[in-house]
Structures are given as structure tokens and as C-alpha cells.
Amino acid sequence: MKFLGLRLCEHDSNISYFDGSDVHFFKSERYKKSKHHAYDSFESWIDEIKDIWNLEPQDLDEIGIVFDPWRYRLNSEDDNFFPTKKFNYLPYNITRINHHYAHALSCWPISNTCQKHFVFDGFGDYNIYWSYIENDKLKDFCNLHTDTHNYVSLGHVTDQLAQAMNINVKSVYDLSGKLMGLQAYGNLDEKYLNKLQKFDIHLMGAAFEYSLWEQHCGDTLLAQHKKLDWARTLHHWAGEALVKYFAKYADYDEEISFSGGCAQNVVWNYHIKSFFKNLVVFPHCNDEGLSLGCVEFLRQLNNQPKFKKDNYPFWQTDIAPKKNPSEKTIKETAQDL
């Protein structure tokens, strides 16, 4: 059987193709040479798979898709679904897969035995901020419709914290990553950290209020001068809040996965790993791995053998350069990095 997985959203579009033998991966930013590239037209993938793999939709047995409907002016009124639903917008055999469920499923190149998945990002379908998925069932979640505090999304509050620190980025999707580096230059304020213990993952919006920091410092000017300490302490608290939430559902020895854009935070991951020794975090844990989760769903749905993992993670379908980079290019790249 042949499967296609699609992630067509606001950023980081990617496509995975199982040809009956091997899995192939394509991330459009490398092909288009545009960081965090996303397709403007919903049907763009049809021409793309023909160009990359000489494929037509009719060549495929099934297609799985994760997408943001508002980007393509498609109906977003029925986004409250889990785990999947049929998608009849195009005349092909397409299943729409819940965004966070696809995150959980995408851990298969690293582990196909994990049954407990924690997903934290900006938001998924139906404005869900985080999900806990166990044995393919949605056990817990938080979203815009059930929350009583603003910006409880961990991805959103860290982005806002980065903006408050005046971090400059070419793309808003890089804000949290820059913050992860910048916070290391601050000092941990133990007294403020102790004050933050009254908050938990559900009260994240309240914990990130700058007015609390001003009250703690006792002076607006002093608070401004010590913003690096504010960022450092909040960042540390968020890592602790994740551990406490994970502990509600998992024991130290259990295998658990952590995915979504927030799982790219290596500082938090190192902290979480000290409490959960079998933590699984994979290189494609952010949205660029969603298409891999889609093909895994189709594999399970059709009772197919587990995919081969040979040569992972080097599955990207690229056009090989015609010549090696010059010394000038290497030096300029090193300087940019």
C-alpha cells in the first residue's frame, strides 16, 4: 500500500510518502529556500508530489492530513474532533488527523512502543494548547474554550516573554528558541520562584504577568533592569510546572513522549529527564514531524507492518548540490551561525 502524510498549515509545511517499502520525507522550506515555508494554496501539494516523486493522488491508497483551515478559508466550525475524521473537500481518500494526535504518533522513528504522550505547543485544532494522550485516547487537554485565564498556552506565553525581552527575530516562530538561549544570562531569583509555586500549568497566564515581577522588585525601574532575572526564573518555573503535570499521569520508570514545539526546549527536556528516565523526545517533535504522524496513523489503520527506520533521520528528499560549497560560503555560513 502507498500512503501520503501532509502537514499544510501556517508554517513548516512537510510531506511524508510511504511507497510500499520505504518512508520518504519532504520539508518545503528547504525546497523553496524560505524559512518556515507554508503553502498559500491548499491544492499545492498535488503539483508538489508530482514534481518530487512523480506521483498523482490516484496512485495513493490513502492520504492523511493535518492543516489549519483558516489559512485556506475552509470551514473551521467543526474542528473539535479526536482522533480523526473523513475529509471530503477533495475527491480522494483523505482522513483529517487531529494535530496533537499526529504529534504523538510521529514518535515512531524513535519509539513505537510508547503509549503515553504529552503534547505542548502554541495550539492545535480547536485551539487546544496541550494534550495528554494515552493508548490513543485523549485523556486530558486545555484549550481556549475551557480556560478562564489569558494565554495559558505554553508556546504563546514564552513567545510573549521573548517579545517583552525585545528579542529580534526574522520569524515569530523563532521567538521561544531565542528566549531559551537568552534566559541563561539571567540569575535565578529563588524568592520569586517560591512565589510562583502557587501557580500551576493551568494558571500559566497569571504566572507570566509582568506586574507580579514589578511587585516583587518593589520598583518599576529596578524590575526593568532585572528583566533577565525575570526571564530566567519564569523559564525555570515553567520546566518545573511541566514535571508536576507529567507526574499526574506517569511514573519515573515509564516510557513517555514529549512533543509539540515546546519539546524543542533542551533546558526543559534535561530537567524533565531527571524525573522521567525513559523520556522520549525526537528531532522532529515540532510541526515538521506531523506528516510522519499521519503516515503512521494510516499504517496502523490498514494493519500494515511497522515502517523501516533505516538511515533515519536522513530521509529528506533533496536535490543534491552540483558542487561542494566554496571556502567563502563555508566561512560566511559559520559567521552567520
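None of the values given here were measured: they were computed from a predicted structure.

*Asks:* Help me get a handle on the layout of surface pockets, residues and values and all.
*Replies:* As a volume, the largest pocket reaches approximately 990 Å³. Among the elements that line the lining of the largest pocket, the one with the most residues is helix 4 (residues 154–164), at seven residues. The class makeup of the residues in the lining of the largest pocket is eleven nonpolar, 16 polar and 13 charged. If you trace the second largest pocket, you find it lined by Phe25, Lys27, Arg30, Pro283, His284, Glu288, Leu292, Tyr312, Pro313, Phe314, Trp315 and Gln316. Of the residues belonging to the lining of the second largest pocket, the class tally is seven nonpolar, two polar and three charged.

*Asks:* With reference to specific residues and values, describe the packing of aromatic side chains.
*Replies:* Throughout the structure, instances matching the rule amount to 33 aromatic pairs. Relative to phenylalanine 258, the ring of phenylalanine 120 lies with its centre 6.3 Å away and its plane at 75°, an arrangement referred to as edge-to-face. Of the two residues, phenylalanine 120 sits in strand 7 (residues 116–120) while phenylalanine 258 sits in strand 10 (residues 255–259), which places them 138 residues apart along the sequence. Per residue, the accessibility class of phenylalanine 120 equals that of phenylalanine 258, and both read buried. Within the aromatic cluster, the residues linked to one another by ring pairs are Phe118, Phe120, Trp130, Tyr132, Tyr245, Phe246, Tyr249, Phe258 and Phe276. Positioned above the aromatic ring of phenylalanine 67, the side-chain terminus of arginine 96 is 4.4 Å from the ring centre. Sitting above the plane of the phenylalanine 307 ring, arginine 299 keeps its charged end 6.0 Å from the centroid.

*Asks:* Account for the sheet that holds strand 4 (residues 62–67), with residues named and values stated.
*Replies:* Overall, mixed pairing links the six strands, which are arranged 3-2-1-4-6-5 in an open sheet. The sheet is open, and its two borders are formed by strand 3 (23–27) and strand 5 (84–87), each paired with just one other strand. If you compare each strand with its neighbour and ignore which way they point, the axes differ by 20° on average. Where strand 1 (residues 3–8) meets strand 2 (residues 14–18), five bridges bridge the pair, whose relative direction is antiparallel. Residue pairing across strands places phenylalanine 3 opposite phenylalanine 18, the latter belonging to strand 2.

The rules behind the values
- Residues numbered from 1 in each chain as written.
- Predicted model: local features only at pLDDT ≥ 70, side-chain atom pairs only at ≥ 80, totals over all residues.
- Heavy atoms only, no water.
- 1 Å grid on protein atoms, 1.4 Å probe; cavity = no way out; pocket = protein on both sides within 12 Å on 5 of 7 lines; lining within 4 Å.
- Points joined across faces, edges and corners; volume = space filled by probe spheres on them.
- Helix = DSSP H or I, 4+ residues; strand = E, 2+ residues; numbered from the N terminus.
- Nonpolar A, V, L, I, M, F, W, Y, C, P; charged D, E, K, R; others polar.
- Phe/Tyr/Trp six-rings, centres within 6.5 Å; stacked < 30°, edge-to-face > 60°.
- Buried < 20%, exposed > 50% of the residue type's maximum accessible area, 1.4 Å probe, protein only.
- Lys NZ or Arg CZ within 6 Å of the ring centre and 35° of its normal.
- Pairing = 2+ DSSP bridges.
- Axes fitted to C-alpha atoms, helices over the stretch in contact; angles between N-to-C directions.

That is the geometry; function is a separate question.
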